[in-house]
Amino acid sequence: MENFTPVSALIGGGLIGLASGMYLLLNGRIAGISGIVGGLLGRGGNDAGSATFERLAFVIGLIAGPFLLLIASPITATSLVTSPMPIIVIGGLLVGFGTTLGSGCTSGHGICGLSRFSTRSLVATLSFMGAGFVTVLVTRHLIGGL
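No experiment lies behind these values; they were computed from the predicted model shown.

J.: I would appreciate a short explanation of the confidence of the model for the protein in the present structure.
T.: Put simply, the protein has an average pLDDT of 84, and 93% of its residues get 70 or more. Looking over the protein, one finds the lowest element-wise mean pLDDT in helix α2 (residues 33–40), namely 83, and the highest in helix α6 (residues 119–142), namely 89.

J.: It is not clear to me how the environment of Gly13 should be interpreted in this structure. Could you clarify?
T.: Within the secondary structure, Gly13 is located in helix α1 (residues 6–27). Remark: the alpha-carbon pair of Gly13 and Ile143, spanning 130 residues in sequence, is separated by 33 Å.

J.: Which parts of the structure should I look at to understand the layout of surface pockets?
T.: Take a probe with the size of a water molecule and roll it over the atoms, and the empty space left behind shows itself. One number sums up the size of the largest pocket: a volume of about 1,000 Å³. Taken together, 33 residues line the largest pocket, and the ones lying closest to its centre are Gly91, Leu94, Val95, Ala131 and Thr135. Broken down by secondary-structure element, the contributors of at least two residues to the lining of the largest pocket are α2, α4 (85–101), α5 (106–115) and α6. Residues belonging to the lining of the largest pocket are distributed by class as follows: 14 nonpolar, 16 polar and three charged. Space inside the second largest pocket adds up to approximately 470 Å³.

J.: Please clarify how unusual backbone geometry should be interpreted in this entry.
T.: Excluding glycine, a negative phi dihedral is what most residues carry, and trans is how most peptide bonds are arranged. For Ser103, which is not a glycine, the phi torsion comes out positive at approximately 55°. Relative to the helices and strands, Ser103 is located in the loop between α4 and α5. One non-glycine residue, Phe117, adopts positive backbone phi at about 60°. One can find Phe117 in the loop between α5 and α6. With a relative accessible area of 77%, Phe117 lands in the exposed category.

J.: When you look at the packing of α5 against α6 in this model, what are you seeing that I'm missing?
T.: Helix-helix packing: each pair is described by the crossing angle between the helix axes and the interaxial distance. Orientation of α5 relative to α6, taken along the N-to-C sense of each, is 135°, at an axis distance of 9 Å. Classed by the angle they form, the pair α5 and α6 counts as oblique. When the axes of α5 and α6 are compared, the crossing they make is left-handed. Contact residues: Thr106, His109, Gly110, Gly113 and Leu114 in α5; Arg120, Ser121, Leu122, Ala124, Thr125 and Phe128 in α6. Residues that form the contact of α5 with α6 fall into these classes: four nonpolar, six polar and one charged.

Conventions adopted
- Residues numbered from 1 in each chain as written.
- Predicted model: local features only at pLDDT ≥ 70, side-chain atom pairs only at ≥ 80, totals over all residues.
- Heavy atoms only, no water.
- pLDDT = per-residue confidence, 0-100.
- Helix = DSSP H or I, 4+ residues; strand = E, 2+ residues; numbered from the N terminus.
- 1 Å grid on protein atoms, 1.4 Å probe; cavity = no way out; pocket = protein on both sides within 12 Å on 5 of 7 lines; lining within 4 Å.
- Points joined across faces, edges and corners; volume = space filled by probe spheres on them.
- Nonpolar A, V, L, I, M, F, W, Y, C, P; charged D, E, K, R; others polar.
- Buried < 20%, exposed > 50% of the residue type's maximum accessible area, 1.4 Å probe, protein only.
- Axes fitted to C-alpha atoms, helices over the stretch in contact; angles between N-to-C directions.
- Parallel < 35°, antiparallel > 145°, perpendicular 65-115°, else oblique.
- Left-handed = near helix turned anticlockwise from the far one by under 90°.
- Contact = heavy atoms within 4.5 Å.

So this is what it looks like as structure tokens:
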């Protein structure tokens, strides 16, 4: 419980909800990362140039935002990845496969879909959360961590 920070989590969640809601209201699009990145990679249909610019700006903002926060604030952040690179690559490939299979990602279903009361998104969110719980149980507790 040493990393339990309900205030910052509530503020962050509120900002994510506000941003995804504004994105939907102002652009008429869902702020699902897989759909946005898929559109950049040519899997998003026939979009005009402005949609491509919008998607690119969204992805650049996701990447640049944390770095700008680190520069502009006294926050110190460290990241420690202990899993071997093959496990990370396999995990990334499985996430990509699951995103395709589930017609969306955690942000699309979990944030945007649930807020629109989508039954499909509820089933998807329960599925990937359940799979995540089971994966952590097996890899961290039953077979000794990877």
